[in-house]
Amino acid sequence: MPEGPTVRRFSSLVSPFVGQQVVKVGGSTKQIALQDVMGRWIHDCQVQGKKLYIAFGCCKTREAASADAQEQGDEEEEEEKSLCDPAPSDSSSPSTSHLSTASKEDDSSCTWLRFHFGLYGSIRANEIARAKQGNKRGDWKDPTPRLILHFTSGGFLVFYNCRIHWCSSPDVEPSCDILSPEFDKKKALSVLSAPKPVCITLMDQRHFSGVGNIIKNEILYLAGVHPLSLGSLVPADTLSALIDHAISFTAQWYRNKMQGEPMHYHIYMKESCEKGHKVVKESIGPPCGLKRLTWYCPTCQELAQPKEPT
Ligand SMILES: [Zn+2]
């Protein structure tokens, strides 16, 4: 499943299309009506953890955006015009007709599409994903796009294996997003101190948005914390180090992704740890929730024990 750094990279593929109009739509999705996207302009793109949000408006820019554009001066504005279809003006946008029946918004606002990527979800810009191997029957079939958006510039975005829904606003809370500079470490520390296995708390997207199974495994190993240790039994400075690893590991992974470099894993899917100990692989999850494969070294990551009564 794409984790925070991957979804941030997806966002960087969408960003160049902000300010452009959708001129053709395709894809197999039944979760939205394709004609509801047709003719709209992309206004914004935001990320919260593993979710991506794209704002669609029925005119070229929102009021605030047009004010910004004026401030940026004529030169940039000319550049922007050259990227966009010069034909429709704000008042005669072809999107206005279907928007008046399809949504609750007025011309100055926009609605958002929320993308949630499954195990193999992805976005590509200006290219189609090709089959890497034949299927069981021997057929060579390219992945089917859920959604394809073509823009005035001639560029296009292709979305694979994702759930797509309209929403009125993005559910973005930077203080809970591990990749945000506003991530609240103090709040995270208090959540992690709960009497629950730390590996379960770390996967809670309400508090550690963007952390996925790979990040969880790696940072627990780097901090020397057993995945089943109860947060309440782990010393506060160790939990603090665990959060520091979460921040630095995800930031490094994102930098690697942007440079097209692979990430080196210390424990994830390894047979032995870096000191040569045998790694344990176990399915761990909340009692009624999803169990995730967890790799850990029982020697380097000791289970936190309650203090002996004195
Ligand atoms: Zn070890």
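To be clear, the structure that these remarks concern was listed above.
Residues numbered from 1 in each chain as written. Predicted model: local features only at pLDDT ≥ 70, side-chain atom pairs only at ≥ 80, totals over all residues. Heavy atoms only, no water.

## Things to note about the environment of Gly27
Link 1 in the chain: Locating Gly27 in the fold gives a position in the loop between strand E1 (22-26) and strand E2 (41-48).
Link 2 in the chain: For the pair Gly27 and Arg146, spaced 119 residues apart in sequence, the C-alpha separation works out to 4.6 Å.
Link 3 in the chain: Setting aside chain neighbours within four positions, we find Gly27 in contact with Leu34, Pro145, Arg146, Leu147 and Ile148. (Helix = DSSP H or I, 4+ residues; strand = E, 2+ residues; numbered from the N terminus. Contact = heavy atoms within 4.5 Å.)

## Side note on the coordination of the zinc ion
Link 1 in the chain: Coordination sphere of the zinc ion, protein contribution only: Cys273 (SG), His277 (ND1), Cys297 (SG) and Cys300 (SG), at 2.2 to 2.3 Å.
Link 2 in the chain: Taken together, the four donor atoms surrounding the zinc ion define angles of 98 to 120° at the centre, an arrangement classified as tetrahedral.
Link 3 in the chain: Sequence spacing of the donor residues for the zinc ion, all on one chain, is C-x3-H-x19-C-x2-C. Remark: Cys300 occurs in the segment after strand E8 (292-296) and Cys273 occurs in the loop between helix H8 (236-258) and strand E7 (280-284); sequence separation between them is 27 residues. (Donors = N, O, S within 2.8 Å, 3.2 Å for Na, K, Ca; no water. Tetrahedral: all angles 85-135°; square planar, octahedral: opposite > 155°, others 65-115°.)

## Considerations on the pairing of strand E6 (residues 156-167)
Link 1 in the chain: Of the pairings in the sheet, the one linking strand E4 (residues 110-125) to E6 comprises ten bridges and is antiparallel in character. Bridge pairing in E6 links Arg114 to His165. (Pairing = 2+ DSSP bridges.)

## Quick look at the nonpolar core
Link 1 in the chain: Membership of the largest hydrophobic core comes to 35 residues, with the highest contact counts inside it found for Leu192, Leu202, Phe208, Ile219, Leu220, Leu242 and Ile267.
Link 2 in the chain: Discounting residues that sit within four places of it in the chain, Leu220 has contacts with Val198, Cys199, Leu202, Val225, Pro227, Leu242 and Gln301.
Link 3 in the chain: Residues Val7, Phe10, Val22 and Leu52 belong to the second largest nonpolar core, which totals 24 residues. (Core = buried A, V, L, I, M, F, W, Y, C linked by side-chain atoms within 4.5 Å. Buried < 20%, exposed > 50% of the residue type's maximum accessible area, 1.4 Å probe, protein only.)

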